[in-house]
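Summary of structural features
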Amino acid sequence: QVQLVESGGGLVQAGGSLRLSCAASGRTFSSYTMGWFRQAPGKEREFVASINWSGGSTYYADSVKGRFTISRDNAKKTVYLQMNSLKPEDTAVYYCAAAKTPFIGGVTATLRAKYDDWGQGTQVTVSS
């Protein structure tokens, strides 16, 4: 099991930026696919972005494509989510997730069931 701890959330005005971080424990982080999900009040948890073991393949939800960027640093066992041009509808708790497989292709990466471990989440609030 890998422990995941998110940080970097907060309150930001519309149009602003935030960078979320997710620090992982465990020796095999570099072999995991990592994902970011979010959950707004009263809504189901939804996929945001994923990245394969090397960082060479990424996948985004249409709602964040062109605004958010997922990246990873395997030496630091950390995955990031750079969020630009934030909108009020981006307000949610953001969760980091780890899948114990090096690569999950395309739309399959959007499935919550593909991920084995989850962080506790970090709140992002975007004011209008």
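For the structure, check the block above.
Structural notes, computed from the coordinates. (Residues numbered from 1 in each chain as written. Predicted model: local features only at pLDDT ≥ 70, side-chain atom pairs only at ≥ 80, totals over all residues. Heavy atoms only, no water.)

**Some words on the overall build of the chain**
To keep it simple, the criterion reads: Strands here are runs of E lasting at least two residues and helices are runs of H or I lasting at least four, both read from the DSSP assignment and numbered beginning at the N terminus. Each radius of gyration reported is based on C-alpha atoms, and the globular scaling rule is 2.2 Å times the count of residues to the power 0.38. The buried label goes to any residue with under 20% of its type's maximum accessible area, the exposed label to any with over 50%, and the partly exposed label to all in between, with areas taken from a 1.4 Å probe on protein chains only. Here a residue-residue contact requires only that any non-hydrogen atoms of the pair lie within 4.5 Å. All accessibility values rest on the Shrake-Rupley procedure with a 1.4 Å probe; residue burial counts only the protein chains present in the view.
Helix and strand content of the chain: 0 helices and 11 strands. When the helices and strands of the chain are read in sequence order from the N terminus, they spell out β-β-β-β-β-β-β-β-β-β-β. In terms of overall dimensions, the chain is globule-like: its C-alpha atoms have a radius of gyration of 13 Å, near the 14 Å expected for 128 residues. A principal-axis box enclosing the C-alpha atoms of the chain has dimensions of 40 × 25 × 25 Å. Put simply, the chain has 128 residues, and 41% of those count as buried. Excluding contacts between residues fewer than 6 apart, the proportion of contacts in the chain whose partners are at least 24 apart in sequence is 60%. Roughly 6,400 Å² of accessible area belongs to the chain as shown, and the carbon and sulfur atoms make up 47% of that amount.

**Here we look at the pattern of salt bridges**
Keep this limit in mind: Definition used for salt bridges: Asp or Glu carboxyl oxygen within 4 Å of a side-chain nitrogen of Lys or Arg.
Scanning all chains against the criterion turns up 6 salt bridges. Arg38 is the salt-bridge partner of Glu46, the closest N and O atoms lying 2.7 Å from each other. Residue classification places Arg38 among the buried positions, given a relative accessible area of 6%. Between Arg67 and Asp90 there is a salt bridge, with the nearest N and O atoms lying 2.8 Å from each other. Here Arg67, found in the loop between strand S6 (58-60) and strand S7 (68-73), pairs with Asp90, found in the loop between strand S8 (78-83) and strand S9 (92-99); they are 23 residues apart in sequence, far enough to count as distant. Of the residues examined, Arg67 reaches a relative accessible area of 11% and is grouped as buried. Counted as one network, the salt bridges with shared partners bring together Arg38, Glu46, Arg67 and Asp90.

**Quick look at the nonpolar core**
Counted only if it meets this: Nine residue types can take part in a nonpolar core, namely buried Ala, Val, Leu, Ile, Met, Phe, Trp, Tyr and Cys, and a core is a set of them joined through side-chain atoms within 4.5 Å.
If you look at the biggest cluster of nonpolar residues, it comprises 36 residues, and the most contacted ones within it are Met34, Trp36, Leu81, Met83 and Tyr94. Secondary-structure elements contributing two or more residues to this core are strand S3 (18-24), strand S4 (33-39), strand S5 (46-51), S7, S8, S9 and strand S11 (122-127). Among the elements that take part in this core, S9 stands out by supplying 6 residues, more than any other. The contact partners of Leu81, leaving out residues within four places of it in the chain, are Leu18, Arg19, Leu20, Trp36, Val48, Ala49, Phe68, Thr69, Ile70 and Tyr94.

**A short note on the pairing of S7**
Just so we agree on the cut-off: What makes two strands pair is DSSP finding at least two bridges between them.
Side chains Phe68, Ile70 and Arg72 project from S7 onto a buried face, and the interleaved Thr69, Ser71 and Asp73 project onto a face without burial. Taken together, the 6 bridges between S7 and S8 define a ladder with antiparallel strand orientation. The residue bridging Ile70 from the neighbouring strand is Leu81, located in S8. Adjacent in sequence and paired antiparallel, S7 and S8 are bridged by 4 residues, among which Lys77 carries a positive phi angle near 55°.

None of the figures reported here should be taken as evidence of function without further support.
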